[in-house]
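Observations on the three-dimensional arrangement
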Amino acid sequence: MSGHTINGIPRVDPRAPRAAWKRAMLALVATKPGAAIHRALAAPLDAPLMRLTRGRVSLAAGAMPLVVLTSTGARSGQRRETPLGYFTDGDDVILVASNYGDTRHPAWYHNLLAHPECELHVGEHGGRFVAREATGADRDRLFDLAVNFYPGYAKYAERTDGVRTIRLMRLTPAG
């Protein structure tokens, strides 16, 4: 795939420089209080807000590109919508299962392991993808890119050190 999108999802270069205000906003979210506020208030509102505004508005305010992941619940089998930060690598979309540095993997990660077929959307744009976990040297390279993209991931990794390894998912367009 070429162009500015991958199956309708805008490409995001994790090495691209970011404006100072974006770095400051992301640094705030990387703190424990900032992560707690984001998790409790912003994250639950982002999927409906993005749907209502056709992807034009999110509470990330442009500091972090967001995509809405639609997955199938690992146990429930029900559709789940989760707004997530992302970046791209080649023709794949990369998702980081940081869960704000919590000791447990996020539910969406378990959903993708159980049901790798999923959808990604930014407003009305997007499509079907198939997820697989990045492992070994690929995982390490992607995590380094993720930390360059959002330094908070390094803080989250410190919080999970000895408890769990933060996983990365590589989503490839279906079909």
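Residues numbered from 1 in each chain as written. Predicted model: local features only at pLDDT ≥ 70, side-chain atom pairs only at ≥ 80, totals over all residues. Heavy atoms only, no water.

**Quick notes on the pairing of strand β4 (residues 79–85)**
- Both strand β3 (residues 66–72) and β4 contribute to a ladder of 7 bridges, which runs antiparallel. Residue Thr70 lies in a different strand from β4, and its bridge partner there is Glu81.
- Linking β3 back to β4 in an antiparallel pair, the connection comprises 6 residues, with Gly77 at a positive phi of about 75 degrees. (Pairing = 2+ DSSP bridges. Helix = DSSP H or I, 4+ residues; strand = E, 2+ residues; numbered from the N terminus.)

**Focus on the pairing of strand β8 (residues 125–133)**
- The sheet contact formed by strand β7 (residues 117–122) and β8 spans 6 bridges and is antiparallel. Following the sheet pairing, Glu117 is matched in β8 by Val130.
- Linking β7 back to β8 in an antiparallel pair, the connection comprises 2 residues, with Gly123 at a positive phi of about 65 degrees.
- Relative to strand β9 (residues 167–173), β8 runs antiparallel, the two being bridged by 5 bridges. Bridge pairing in β9 places Glu133 opposite Met169.

**Let's talk about the domain arrangement of the chain**
- By the assigned domains, the chain splits into domain 1 (20–53) and domain 2 (64–173).
- Between domain 1 and domain 2, the C-alpha centre-to-centre distance is 16 Å.
- Across the contact, 13 residues belong to domain 1 and 14 residues belong to domain 2.
- Note on domain 1 versus domain 2: buried area summed over both sides is about 1300 Å², and carbon and sulfur give 62% of it.
- Inspection of the domain 1/domain 2 interface yields 0 salt bridges.
- Inspection of the region where domain 1 meets domain 2 yields 3 residue pairs in polar contact (both at pLDDT 80 or more).
- Those elements giving two or more residues to the side of domain 1 that touches domain 2 turn out to be α1 (20–30) and α2 (32–52).
- Looking at which element gives the most residues to the side of domain 1 that touches domain 2, the answer is α2, with 9 residues.
- Residues that form the side of domain 1 that touches domain 2 fall into these classes: 7 nonpolar, 2 polar and 4 charged. (Domains from an automatic or database assignment. Contact = heavy atoms within 4.5 Å. Buried area = accessible area lost by both parts, 1.4 Å probe. Salt bridge = Lys/Arg side-chain N within 4 Å of Asp/Glu carboxyl O. Polar contact = N/O pair within 3.5 Å; in protein donor to acceptor, adjacent residues only side chain to side chain. Nonpolar A, V, L, I, M, F, W, Y, C, P; charged D, E, K, R; others polar.)

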